[in-house]
Amino acid sequence: QVRLVESGGGLVQPGGSLRLSCVASGFTFSSSVMSWYRQAPGKEREEVATITDPDNASYADSVQGRFTISRDNTKNTVNLQMNILKPEDTAVYYCKARHSWGFDFWGQGTQVTVSS
């Protein structure tokens, strides 16, 4: 079965850091485009960061310079390093895979809360 399992969320003070991880199984990870999305209460889900194979990354303007996406194809893992966190970063963060055959897979999400 296809699985995307996120981990690493939690509560952090403004200015702090968190590292999210997503472990994938059940499909060809190395040829898939991987992304992180987030959804805050009352807001639509938005794309945060995306990484292709090879390692070409893009970011939303709101996180540019603070977040870094990376992937390890030997471990079927995509990570999101989040630095200088702000209260407006509070959201559920989701891992998404876009398979080369044309369909998407989504994880269950992990909660990130930035508050003093």
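Above this note sits the structure.
Residues numbered from 1 in each chain as written. Predicted model: local features only at pLDDT ≥ 70, side-chain atom pairs only at ≥ 80, totals over all residues. Heavy atoms only, no water.

1. A word on the packing of aromatic side chains
- Inspection of the entire model under this criterion finds 4 aromatic pairs.
- A ring pair is formed by F27 and F105, whose centres lie 5.2 Å apart and whose planes are at 40°; its orientation type is tilted. Here F105 lies in strand 10 (residues 104-106) and F27 lies in the loop between strand 3 (18-25) and strand 4 (33-39), a separation of 78 residues in the sequence.
- A residue is classified by how much of its surface remains accessible, and F27, at 14% relative accessible area, is buried.
- One aromatic cluster is present, formed by F27, W101, F103 and F105 through successive ring pairs.
- Sitting over the face of the ring of Y94, R45 holds its NZ or CZ atom 3.7 Å from the ring centroid.
- Its guanidinium or amino end placed over the ring of F29, R71 lies 4.7 Å from that ring's centre, counting from NZ or CZ. (Phe/Tyr/Trp six-rings, centres within 6.5 Å; stacked < 30°, edge-to-face > 60°. Helix = DSSP H or I, 4+ residues; strand = E, 2+ residues; numbered from the N terminus. Buried < 20%, exposed > 50% of the residue type's maximum accessible area, 1.4 Å probe, protein only. Lys NZ or Arg CZ within 6 Å of the ring centre and 35° of its normal.)

2. Here we look at the pattern of salt bridges
- Throughout the structure, instances matching the rule amount to 4 salt bridges.
- Between R38 and D89 there is a salt bridge; the shortest N-O distance is 3.0 Å. One end of the pair, R38, is in strand 4; the other, D89, is in the loop between strand 8 (77-82) and strand 9 (91-98), with 51 residues separating them in the sequence. The same class applies to R38 as to D89, namely buried.
- Between D89 and R66 there is a salt bridge, and its shortest N-O distance comes to 2.8 Å. Taken together, the residues D89 in the loop between strand 8 and strand 9 and R66 in the loop between strand 6 (57-59) and strand 7 (67-72) connect sequence positions 23 residues apart.
- On the basis of relative accessibility, which here comes to 1%, the residue D89 falls in the buried class.
- Here R66 falls in the buried class, since its relative accessible area comes to 9%.
- Each of R38, E46, R66 and D89 takes part in a single network of salt bridges with overlapping partners. (Salt bridge = Lys/Arg side-chain N within 4 Å of Asp/Glu carboxyl O.)

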